[in-house]
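Examining the three-dimensional arrangement
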Amino acid sequence: MAGEPQGDCLFCKIVAGEVPATVVRESETTLAFRDINPQAPTHVLVIPKAHHTDAAALAAEAPEIAADVLREAGEIARQEKTEDDGYRIVFNTGAGAGQTVFHAHAHVLGGRGLTWPPG
């Protein structure tokens, strides 16, 4: 069910404290932690604490939490001092787009030049 923790979800386990993560920021509705395979000097994941499969589901089921994720992504960029040089917020939605954990999450990337189009 949307919003309910899923026993087989890595990010739900991180939210529950069952799997360690390097947390950099937390709000009532979100958790932000460093990616274990960083693609840039700053690579932080911002997730809703409630389980939603992907960005589209999050936007449809809990738009207020989707806004919280985006707000926190901007705060991460400020905290990581990438705000002035630019940063990217990426939501991979679906396996074909590179989503490997099916719990909505935003990648905040910065600290290096980010080319377009992305790979």
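Named according to an unreviewed UniProt entry, the chain is Histidine triad nucleotide-binding protein originating from Streptomyces lichenis.

1. With respect to the overall build of the chain
Scanning the chain from terminus to terminus reveals three helices and five strands. N-terminal to C-terminal, the α/β element order of the chain is α-β-β-β-α-α-β-β. In summary, the chain has a C-alpha radius of gyration of 14 Å against a globular reference of 14 Å for 119 residues, a match within 12%. Dimensions of the chain along its principal axes, counting C-alpha atoms only, are 40 × 30 × 25 Å. For the chain, buried positions account for 40% of its 119 residues. A sequence separation of at least 24 residues applies to 52% of the contacts in the chain between residues at least 6 apart. About 6600 Å² of surface is accessible on the chain, with carbon and sulfur atoms providing 52% of the total. If you average the places of the 9 positive and of the 16 negative side-chain charges in the chain, the two averages end up 7 Å apart.

2. What to know about empty space enclosed by the protein
Scanning the entire structure with this criterion turns up one cavity of 30 Å³ or more. As a volume, the largest cavity reaches approximately 30 Å³. Class assignment of the residues belonging to the lining of the largest cavity gives a composition of three nonpolar, five polar and one charged.

3. Here we look at the layout of surface pockets
Considered as a void within the structure, the largest pocket measures approximately 770 Å³ in volume. In this structure, the largest pocket is lined by 32 residues; those nearest its centre are Asp35, Gln39, His43, Asn92 and His107. With three residues, helix 1 (residues 10–15) is the single largest residue contributor to the lining of the largest pocket. For the lining of the largest pocket, the class distribution of residues is 16 nonpolar, 12 polar and four charged.

Calculation rules
Residues numbered from 1 in each chain as written. Predicted model: local features only at pLDDT ≥ 70, side-chain atom pairs only at ≥ 80, totals over all residues. Heavy atoms only, no water. Helix = DSSP H or I, 4+ residues; strand = E, 2+ residues; numbered from the N terminus. Rg over C-alpha atoms; globule rule 2.2 N^0.38 Å. Buried < 20%, exposed > 50% of the residue type's maximum accessible area, 1.4 Å probe, protein only. Contact = heavy atoms within 4.5 Å. Areas by Shrake-Rupley, 256 points an atom, 1.4 Å probe, with all protein chains shown as cover. Lys, Arg positive; Asp, Glu negative; His and termini not counted. Charge placed at Lys NZ, Arg CZ, Asp CG, Glu CD. 1 Å grid on protein atoms, 1.4 Å probe; cavity = no way out; pocket = protein on both sides within 12 Å on 5 of 7 lines; lining within 4 Å. Points joined across faces, edges and corners; volume = space filled by probe spheres on them. Nonpolar A, V, L, I, M, F, W, Y, C, P; charged D, E, K, R; others polar.

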